[in-house]
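Descriptive structure summary
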Amino acid sequence: LVVPRPIGWIGTRSGDGSDNLAPYSFFNVVAGSPPTVLFAPGMRVRVKDTLANVRETGVFTVNIVDEELAEAMNITSGDHPPDVDEFGLAGLDKVEAVDVAAPMVAAAPANLECRVTHVHEIGEGPDASVVFGTVLRLHISPDILDGTRIDFTRLRPVGRLAGSWYWRGGELFEMPRPQID
């Protein structure tokens, strides 16, 4: 019922230098000061590489998925072995982050460099971890900006639904917020 969900395409690097890229639709921004995001890496058969890497290094990147990157994002969603570089698998160029030791998707319309602030274990099931991170640096393509704001008609974000279903931006409408005296 919680749809569409934004997709955090999380870039990490293991302590031995192996790069990892995986999408998570249990992702969102949760605070503005300091800017803080969260994602929940579930576990299928084993602890996800993303979770192992953030526990080991304490950093990650978030890469925003637009319509042009949707197919590449889907390729990286499989449960690949730790030695597989999903950037190469999906034919993506990577770029190094400035403030954290983690890779970013070069073609993403926006990237966030993050430092882990908390990893919380929740419940006992396979989806038992939530990672919180402070955003240290933003990279935003000028192509998606309208002045100082994001133009969503240019961003064309992709969201997750359920199963094999995804969402792409539809009709936009605006509602001014109520004036409170």
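This section reports on the structure supplied with the text. All of these numbers come straight from a predicted model, not from anything done at the bench.

Rules used in this analysis
- Residues numbered from 1 in each chain as written.
- Predicted model: local features only at pLDDT ≥ 70, side-chain atom pairs only at ≥ 80, totals over all residues.
- Heavy atoms only, no water.
- Pairing = 2+ DSSP bridges.
- Helix = DSSP H or I, 4+ residues; strand = E, 2+ residues; numbered from the N terminus.
- Phe/Tyr/Trp six-rings, centres within 6.5 Å; stacked < 30°, edge-to-face > 60°.
- Lys NZ or Arg CZ within 6 Å of the ring centre and 35° of its normal.
- Salt bridge = Lys/Arg side-chain N within 4 Å of Asp/Glu carboxyl O.
- Buried < 20%, exposed > 50% of the residue type's maximum accessible area, 1.4 Å probe, protein only.

Attention shifts here to the sheet that holds strand β14 (residues 166-168). Across the sheet, 3 strands lie side by side as β1-β13-β14; this open sheet has antiparallel pairing. Since the sheet does not close on itself, it has two edges, and those belong to β1 (5-6) and β14, each with one partner. In the sheet, strand β13 (residues 158-160) pairs with β14 via 3 bridges, with the strands oriented antiparallel. Bridging from a neighbouring strand, glycine 159 pairs with tryptophan 167 of β14.

Let's shift gears to the packing of aromatic side chains. Counted by the stated rule, this structure contains 2 aromatic pairs. Ring centres of phenylalanine 39 and phenylalanine 60 lie 5.1 Å apart, and the angle between their planes is 70 degrees; on these two criteria the pair is classed as edge-to-face. Residue phenylalanine 39 is found in strand β5 (residues 35-39), and its partner phenylalanine 60 is found in strand β6 (residues 59-64); the two are separated by 21 residues along the sequence. Note that arginine 160 overlies the ring of tyrosine 166, its terminal NZ or CZ placed 4.8 Å from the centroid.

Per the stated rule, a full pass over the model turns up 10 salt bridges. The partner of arginine 154 in a salt bridge is aspartate 151, with the nearest N and O atoms 3.2 Å apart. Note on aspartate 151: relative accessible area 16%, which makes it buried.

Where β6 and strand β9 (residues 110-121) come together, 5 bridges link them in antiparallel fashion. The residue bridging asparagine 63 from the neighbouring strand is asparagine 111, located in β9. In this sheet, strand β10 (residues 129-140) lies alongside β9 in antiparallel orientation, the contact comprising 11 bridges. Across the sheet, residue glutamate 121 finds its bridge partner in β10, namely serine 129.

Here the focus is unusual backbone geometry. Glycine aside, a negative phi is what most residues show, and trans is what most peptide bonds show. For the peptide bond that leads from valine 3 to proline 4, omega is -15 degrees, which places it in the cis range. Checked against the element boundaries, proline 4 lands in the segment before β1. Residue proline 34 is reached from serine 33 by a cis peptide bond, and omega for that bond is 0 degrees. For proline 34, the position within the fold is in the loop between β4 (27-32) and β5. Its identity as a non-glycine residue notwithstanding, arginine 156 has a phi of 50 degrees, on the positive side. Note on placement: arginine 156 falls in the loop between α4 (152-155) and β13. According to the relative accessible area criterion, arginine 156 is partly exposed, its value standing at 30%.

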